[in-house]
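Now for the letters of each chain:
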Amino acid sequence: MRIVDIREVTKPIASPIRNAYIDFSKMTASLVAVVTDVMRDGRRVVGYGFNSNGRYGQGGLIRERFRDRVLEAAPESLIDEAGDNLCPHRIWVAMMKNEKPGGHGERSVAVGTIDMAVWDAVAKIAGKPLFRLLAERKGREADPRVFVYAAGGYYYPGKDDTALCAEMRSYLDRGYNVVKMKIGGASLAEDQRRIEAVLKEIGSEARLAVDANGRFDLETAIAYARMLRQYPLFWYEEIGDPLDFKLQAAMNAFYPGPMATGENLFSHQDARNLIRYGNMRPDRDWLQFDCALSYGLVEYLRTLDMLEEYGWSPSRCIPHGGHQMSLNIAAGLGLGGNESYPDLFQPYGGFPDGVRVIDGHITMPELPGIGFEGKSDLITVMRDLAE
């Protein structure tokens, strides 16, 4: 049993949308295939992975550093103790050979992308959905029913309040009961008008979350908090720079409602600093660490262990990214849910064909691996790379 190849292709996921910080006109993503010599049901086992939106494709790092470290490792060093499957933890160690600590930036995305493909292959070799494999390894019951919310509400050329409300209504029509919109890319007064228009549209049918994408300095963050706290928001997200834990800590005095952050923290060490110094509240706040951007599930497991040490439940984690990997982690390890992009970043976002949102939840299908084979538009692109 061995990995015979790791392939990468950089794909465009460009869109004219923007948030408070960036536009997506040049956005790319890396698609990775981990090719093994294992056969299942007459087909070679290939694991697939890709990085989440918001960070660009990592083809250079994958091809120049991390791919070769895995392929050059002794094959037996990458097998688990039972000798019947690949070991994601040992593969992760091979990828990180000769890497200094710290600097959790673009390399964490490259490693996380390969790590996703490795876990897909491991679950396929085991002949199980990844969420069930994860639950078994943790000695817990998997819950295939997962909360999802609809992320959208981006700024878009010519998009007025009517179009924004129509977008949010479309999410409700598809079964969502929490929706999210962007703020911070316009004036406070304009954003308040947009928020009030959406709240009027959704009424009691759903709740609204808002996302500033790390845009605000302390003064602006407080001004928005004073405006936002009059509304029953699901959360106030990524208020300031991701590493400005002092700003995050200060917000408790101004915003009593739930806050969310963490999607741009790429290691368990940075996640720990947020918990230590960000004054986050485990009874109401949400953590959005995304395994595909932060060294993968191997590192995410370390993050969950750290959270437990600090008294946080995994149910307070709702990852960023809207991908099926985090859906499997949520179902297998008891997270609070997952982000979803109903209309954006296709074919990478969304669910397997036939999966529907009902009362804000989806039910995971019983597909081996992460379940990419159940999403026809996505698996077609993936198999073009490696099958």
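These numbers come from a predicted model, not from an experiment.

Definitions and limits used
One numbering rule holds for all chains: residues counted from 1, following each sequence as written. Given that this is a predicted model, residues contribute local features only at a pLDDT of at least 70 and side-chain atom pairs are listed and counted only at 80 or more, while totals for whole chains, interfaces and linings are drawn from all residues. Where side-chain values are given, they derive from all heavy atoms of the structure, hydrogens and water being excluded. Helix and strand assignments follow DSSP, with helices taken as H or I runs no shorter than four residues and strands as E runs no shorter than two, numbered in order from the N terminus. Burial status follows relative accessibility: with a 1.4 Å probe on protein chains alone, a residue under 20% of its type maximum counts as buried, one over 50% as exposed, and anything between as partly exposed. Residue contacts are counted whenever heavy atoms from the two residues lie within 4.5 Å of one another. Whether two strands pair comes down to DSSP finding at least two bridges between them. Stacked, edge-to-face and tilted labels apply to pairs of Phe, Tyr and Trp rings (six-membered ring for Trp) whose centres lie within 6.5 Å, assigned for plane angles under 30 degrees, over 60, and everything in between, in that order. Axis definition: a line fit to C-alpha positions, over the contact stretch in the case of helices; interaxial angles, taken between N-to-C directions, run 0 to 180 degrees. The salt bridge criterion pairs a side-chain nitrogen of Lys or Arg with a carboxyl oxygen of Asp or Glu, the two atoms within 4 Å. By definition in this entry, angles of less than 35 degrees are roughly parallel, angles greater than 145 are roughly antiparallel, angles of 65 to 115 are roughly perpendicular, and the rest are oblique. A crossing counts as left-handed when the near helix is turned anticlockwise from the far one by less than a right angle, and as right-handed when that turn is clockwise. Under this grouping Gly is polar, as are all residues other than the nonpolar Ala, Val, Leu, Ile, Met, Phe, Trp, Tyr, Cys and Pro and the charged Asp, Glu, Lys and Arg. Nonpolar cores were defined as sets of buried Ala, Val, Leu, Ile, Met, Phe, Trp, Tyr and Cys residues, with membership established by side-chain atoms within 4.5 Å.

A few words on the environment of S108. Tracing the sequence through the fold places S108 in helix α3 (residues 106–126). For S108, a relative accessible area of 0% translates into the label buried. Sequence separation between S108 and T261 is 153 residues, and the spatial gap between their C-alpha atoms is 18 Å. When sequence neighbours within four positions are dropped, the list of residues in contact with S108 reads F266, A292, L293, S294 and Y295.

Bringing the pairing of strand β3 (residues 43–50) into the picture now. Among the 8 residues in β3, 6 count as buried, and that is most of the element. Pairing of strand β2 (residues 28–40) with β3 involves 7 bridges; the strand directions are antiparallel. Counterpart to V35 in the pairing with β3 is V46. Remark: 2 residues form the turn of the hairpin made by β2 and β3, two consecutive strands paired antiparallel; D41 in that turn has positive phi of roughly 55 degrees.

Attention shifts here to the packing of aromatic side chains. For the coordinates displayed, the defined rule picks out 14 aromatic pairs. Taking the centre distance of 6.3 Å and the plane angle of 75 degrees together, the rings of Y171 and Y176 count as edge-to-face. We note that Y171, like Y176, is buried. For the ring pair Y341 and F345, a centre distance of 5.0 Å and an interplane angle of 85 degrees mean the geometry is edge-to-face.

Turning our eyes to something else, we now look at the sheet that holds strand β1 (residues 3–12). An order of β1-β2-β3 is seen for the 3 strands of this open sheet, with the pairing classed as antiparallel. Edge positions in the open sheet fall to β1 and β3, since each of these has one partner strand only. Here the average twist between neighbouring strands, direction ignored, is 25 degrees. Along the sheet, helix α1 (residues 59–72) contacts β1 and β2; its crossing angle with β1, the most-contacted strand, is approximately 170 degrees.

This part takes up unusual backbone geometry. The omega torsion of the bond from Q346 to P347 falls at 10 degrees, within 30 degrees of zero and hence cis. As for its placement among the helices and strands, P347 is situated in the loop between β10 (338–340) and β11 (361–363). A positive phi angle, near 40 degrees, is found at E238, a position not held by glycine. Tracing the backbone shows E238 in the loop between β7 (235–237) and α8 (245–250). Overall, the relative accessible area of 2% leaves E238 in the buried class.

A word on the pattern of salt bridges. Here the structure, examined in full by the defined rule, presents 29 salt bridges. With its nearest N and O atoms 3.9 Å apart, the salt bridge here joins D305 to K138. Pair noted here: D305 is in helix α10 (residues 296–309) and K138 is in helix α4 (residues 130–138), with a separation of 167 residues, a long-range link. What makes K138 partly exposed here is its relative accessible area of 47%. Its salt-bridge partner being K180, residue E237 comes within 2.9 Å of it at the nearest N-O pair. Here the residue E237 occupies a position in strand β7, and K180 occupies one in strand β5 (residues 178–182), the gap between them amounting to 57 residues. Exposure remark for E237: the relative accessible area of 0% places this residue in the buried category. One network of salt bridges, in which partners are shared, links K180, K182, D211, E237 and E339.

It is worth spelling out the packing of α10 against helix α11 (residues 324–333) at this point. To describe two helices that pack against each other, one gives the angle between their axes and the distance between the axes. Where α10 contacts α11, the axes come no closer than 12 Å and their chain directions differ by 40 degrees. Considering the angle they form, α10 stands oblique to α11. As α10 packs across α11, the resulting crossing turns out to be right-handed. On the side of α10, the interface is formed by L297, Y300, L301 and L304, while α11 contributes M325, I329 and L333. Split into classes, the residues belonging to the contact of α10 with α11 amount to 7 nonpolar, no polar and no charged.

For the rest of this paragraph, the subject is the packing of helix α9 (residues 268–277) against α10. Interhelical geometry of α9 versus α10 gives an angle of 25 degrees and a closest axis separation of 9 Å. The orientation of α9 relative to α10 falls into the category roughly parallel. Of the two elements, α9 crosses α10, and the hand of that crossing is right-handed. Side by side, α9 and α10 meet where H268, Q269, A271, R272 and I275 of the first sit next to E299, R302, T303, M306 and L307 of the second. Grouping the amino acids of the contact of α9 with α10 by side-chain chemistry returns 4 nonpolar, 3 polar and 3 charged.

This brings us to the nonpolar core. Within the largest apolar cluster, 135 residues are counted, with the highest numbers of intra-cluster contacts made by I183, I195, L208, L228 and Y236. Aside from chain neighbours lying at most four places away, what touches L208 is V179, K180, M181, I195, V198, L199, I202, L233, F234 and W235.

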